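# Observations on chain architecture
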Amino acid sequence: MINYVKHMALLSVFCMMTTVCSQAAEKPNILFIMSDDHTYQAIGAYGSRLAKLNPTPNIDALAKNGIRFDRVFCNNSLCAPSRASILTGQYSQTNCVLHNYHAIGEKKQYLPLEMKKAGYHTAMIGKWHLRTEPVAFDYYCVMPGQGKYFDPSFLVRGDKKWPGNTIQKRGQHSSDAITDIGLEWLKNGWDRKKPFFMMHHFKAPHDMFQHAKRYDKYLEDVEIPEPENLFDPPAGSKGSKGFGSGMTGERDSWGLGRKLGIKENLEEPEHGKAVYQKYLKHYLRCVKGVDDNVGRLIAYLREENLLENTVIMYTGDQGFFLGEHDLMDKRWMYEEAFRMPFIVHWPEGAKAGTSNDWLINNTDFAPTMLELAGVKKTPDYMQGRSFAAALRGEAKPADWRKVTYYRFWLHMYHCLRVPAHFGIRDERYKLIFFYGCVPEEAMKNNAVRLPGSSSRFPPQTPVAWEFYDLKADPAEMKNQYGNPEYASIITRMKEQLKEKREELSETDEKYPAVQAIIDKHWND
Ligand SMILES: [Ca+2]
């Protein structure tokens, strides 16, 4: 264990040796803040049923004085794959992180590598979750694996080989500890001759939603508004019906109610309502801790006169279900898990008080940050596209993407029971194909083996298509796949899905079992 004070003192010496503490003015600093599983419904600026509780005043202020993005999606709603897409600008089959048990290759840490080439001093702080050493960053202080909520430890560079150098922040909640470390790096670690690029990743509000003690009473006497579809689990097709984990009765396969201490002998709907209330209170208390710490970061930048020329991005690594469709967790291509919050604050460069509705996904983040860093052309190996023009308030390019692609690979794992599926969404419609199996070839070469024996993959689930008209049915309550009124649109979207899979190298030739299902059921 390295003494933390000594660790930061060494950083401080480095800073004094190498800097006259004046910042290069022409390039903006970039502060990328990401919280684990912080979904848009739990951000006031997105105006959901929870907005009236005012859960995120500091993040809302970033939106009010910056830009709120309304159509940002992940391409694989799970922690590690989303982080890998953000880091590489690539979809899962290209960056090889299909699920949480794959590691990012050291040479594939493209975003920090390119930012360094662009003249930035780079830091990665908080939850990393990509297994390999974050070697491409000038500085890192990251939690091992999922990290711990209390008394968290962090991995740093040091005398020993990764992951041998550990520091611990005793007596602290992870959100406070991560922010202390981030602020310490800005004060004493950052080489002010260069602009900074800092990835500041909170562990909260990931399960089991443990908040700092000071939030024990927050929302204590408040009735949390329920979603209208709290008791309507997915039922669009045999591909989704009966799956997922939620709050009521046997749907709680993950044990949320038990873990929250709700009496199992309560009748429904009282039982489900009680689980929902406690779940949301724990989650929102974690969110409050994140928001207060975002406030600390903003306050520091303001004090140091850095706020004007720092691009602050705020996002979650995916969306999350907060009781909608009687679901918790993420994974599904339904809006709550698929959509990401994304807010940008940059007084010098971005139009304040605006919103944007371009169809964006998390492979676009790296190209955008690189353009903001002055990189003239997105590297060819990145599959995303910069939306820096959106920050400047420019019109959407005519050739901007018409559909965004999605695929969830981790079929039926973790008692959360989400079948594997892929699909596309355009500005109005969504087409989903539940192929419902594990492509075993994709799992064999794991850096780390999946839970359970490799010979006991979860069984095949029913194959089915779903189609939603999000304008007529934003809550995705009615699968319109069989409705003849939509037949021509569905035909068109199947063509787009096929083209997108080919364009993005997301096809299944390598996975014969999946390919056979696609061939057999494409025209169902
Ligand atoms: Ca996550």
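Procedures and definitions
Residues numbered from 1 in each chain as written. Predicted model: local features only at pLDDT ≥ 70, side-chain atom pairs only at ≥ 80, totals over all residues. Heavy atoms only, no water. Helix = DSSP H or I, 4+ residues; strand = E, 2+ residues; numbered from the N terminus. Rg over C-alpha atoms; globule rule 2.2 N^0.38 Å. Buried < 20%, exposed > 50% of the residue type's maximum accessible area, 1.4 Å probe, protein only. Contact = heavy atoms within 4.5 Å. Areas by Shrake-Rupley, 256 points an atom, 1.4 Å probe, with all protein chains shown as cover. Lys, Arg positive; Asp, Glu negative; His and termini not counted. Charge placed at Lys NZ, Arg CZ, Asp CG, Glu CD. 1 Å grid on protein atoms, 1.4 Å probe; cavity = no way out; pocket = protein on both sides within 12 Å on 5 of 7 lines; lining within 4 Å. Points joined across faces, edges and corners; volume = space filled by probe spheres on them. Nonpolar A, V, L, I, M, F, W, Y, C, P; charged D, E, K, R; others polar. Axes fitted to C-alpha atoms, helices over the stretch in contact; angles between N-to-C directions. Parallel < 35°, antiparallel > 145°, perpendicular 65-115°, else oblique. Arc of directions from axis to C-beta. Pairing = 2+ DSSP bridges. Phe/Tyr/Trp six-rings, centres within 6.5 Å; stacked < 30°, edge-to-face > 60°. Donors = N, O, S within 2.8 Å, 3.2 Å for Na, K, Ca; no water. Tetrahedral: all angles 85-135°; square planar, octahedral: opposite > 155°, others 65-115°. Salt bridge = Lys/Arg side-chain N within 4 Å of Asp/Glu carboxyl O.

Before going further, it helps to spend a moment on the overall build of the protein chain. Across its full length, the protein chain carries 14 helices and 18 strands. Rg of the C-alpha trace for the protein chain: 22 Å, near the compact-globule value of 24 Å for 524 residues, within the 12% margin. For the protein chain, the spread of C-alpha atoms along the three principal axes comes to 70 × 55 × 50 Å. Burial analysis of the protein chain (524 residues in total) assigns 63% to the buried set. In the protein chain, the proportion of contacts linking residues at least 24 apart, taken out of those at least 6 apart, comes to 72%. Here the protein chain displays about 19900 Å² of accessible surface, and carbon together with sulfur accounts for 51% of that area. Charge centroids of the protein chain, computed over 69 positive and 65 negative side chains, lie 4 Å from each other.

Bringing the environment of Phe231 into the picture now. Position of Phe231 relative to the elements: it lies in the loop between β8 (196–202) and α7 (256–259). Separated by 38 residues in sequence, Phe231 and Pro269 have C-alpha atoms that sit 8.3 Å apart. Phe231 has contacts with Thr248, Pro269, Gly272 and Lys273, leaving out every residue within four places of it along the chain.

A few words now on the layout of surface pockets. Here the idea is plain: a probe the size of a water molecule rolls over the atoms and shows the empty space left. What the largest pocket holds in volume is close to 530 Å³. Contributing to the lining of the largest pocket are 23 residues, with Tyr40, Glu336, Arg339, Pro474 and Ala475 lying nearest its centre. Of the residues that constitute the lining of the largest pocket, the class distribution is 7 nonpolar, 4 polar and 12 charged.

Right, let's talk about the packing of helix α5 (residues 110–117) against helix α10 (residues 365–372) for a bit. For the pair α5 and α10, interaxial distance at closest approach is 10 Å and the crossing angle is 10 degrees. Regarding the angle of α5 to α10, the classification is roughly parallel. Contacts between α5 and α10 involve Leu111, Glu114 and Met115 on the former and, on the latter, Ala366, Met369 and Leu370. Looking at side-chain class alone, the contact of α5 with α10 contains 5 nonpolar, no polar and 1 charged residues.

One turn of an α-helix holds 3.6 residues; hence residues three or four places apart share an orientation. When helix α14 (residues 512–521) is considered as a whole, its buried residues turn out to be Val514, Ile517, Ile518 and His521. Taken down its axis, α14 places every buried residue within 100 degrees of arc, on the same side. Among the exposed residues of α14, those pointing more than 90 degrees away from its buried face are Asp519 and Lys520.

Bringing the sheet that holds strand β15 (residues 404–408) into the picture now. A sheet is described by the order of its strands in space; here 4 strands give the open sequence β15-β16-β17-β18, paired in antiparallel fashion. Unpaired on one side and paired on the other, β15 and β18 (464–469) mark the two borders of the sheet. Taking the axes of each pair of neighbouring strands and ignoring which way they run, one obtains an average angle of 15 degrees across the sheet. Here β15 runs beside strand β16 (residues 421–425); their pairing, made up of 5 bridges, is antiparallel. Across the sheet, the residue bridging to Tyr406 is Gly423, located in β16. Across the sheet, helix α13 (residues 487–503) touches β15, β16, β17 (429–434) and β18, and the angle it forms with β17 is around 65 degrees. Against the sheet, α14 makes contact with β15, β16, β17 and β18, and its axis sits at roughly 120 degrees relative to β17, the strand it touches most.

Let us look at empty space enclosed by the protein. Counted under the stated rule, the structure contains 1 cavity of 30 Å³ or more. Approximately 40 Å³ is the volume found for the largest cavity. Taken together, Met34, Arg83, Ile86, Leu87, Trp128, Leu130, Met199 and His201 make up the lining of the largest cavity. Examining the composition of the lining of the largest cavity, we find that 3 residues originate from one element, helix α3 (residues 79–88), more than from any other. Tallied by class, the residues present in the lining of the largest cavity amount to 6 nonpolar, 1 polar and 1 charged.

It is worth spelling out unusual backbone geometry at this point. Trans peptide bonds make up the majority, and among non-glycine residues the majority have a negative phi. For the bond from Ala204 to Pro205, the omega torsion is 0 degrees, close enough to zero to count as cis. Within the secondary structure, Pro205 sits in the loop between β8 and α7. Of note, the phi angle at His325 is positive, near 60 degrees, even though the residue is not glycine. Relative to the helices and strands, His325 is located in the loop between β10 (321–322) and β11 (328–329). Notably, His414 is not glycine yet its phi reads approximately 65 degrees, a positive angle. Structurally, the position occupied by His414 is in the loop between β15 and β16.

This paragraph deals with the packing of aromatic side chains. Applying the stated criterion to the full structure yields 33 aromatic pairs. Aromatic pair Trp465 and Tyr481: ring centres 5.8 Å apart, planes at 5 degrees, arrangement stacked. With a gap of 16 residues between them, Trp465 in strand β18 and Tyr481 in the loop between β18 and α13 connect regions that are remote in the sequence. For Trp465, a relative accessible area of 4% translates into the label buried. For Tyr481, a relative accessible area of 18% translates into the label buried. Chaining the aromatic ring pairs together yields one cluster made of Tyr405, Phe422, Phe433, Tyr435, Trp465, Tyr481 and Trp522.

Quick look at the coordination of the calcium ion now. Every protein donor of the calcium ion is listed here as Asp36 (OD), Asp37 (OD), Cys79 (SG), Asp317 (OD), Asp317 (OD) and Gln318 (OE1), and their distances to the metal cover 2.1 to 2.6 Å. Classification of the site at the calcium ion as irregular follows from its 6 donor atoms and the range of 53 to 161 degrees in their angles at the metal. In the primary sequence, the donor residues of the calcium ion line up as D-D-x41-C-x237-D-Q. Of the two residues, Cys79 is situated in helix α3 and Asp317 in the loop between β9 (310–316) and β10; the sequence distance between them amounts to 238 residues. This pair shows no difference in class: Cys79 is buried, exactly as Asp317 is.

Under the counting rule described, the total for this entry stands at 34 salt bridges. One salt bridge connects Asp329 with Arg331, and the closest N-O pair in it is separated by 2.7 Å. Here Asp329 and Arg331 have matching classes, each one buried. The salt bridge involving Asp469 is made with Arg428; its shortest N-O contact spans 2.9 Å. Separated by 41 residues along the polypeptide, Asp469 in strand β18 and Arg428 in the loop between β16 and β17 bring together distant segments of the chain. Its relative accessible area of 2% is what places Asp469 among the buried residues. Shared partners join several salt bridges into a network, and the residues in it are Asp36, Arg83, Lys127 and Asp317.

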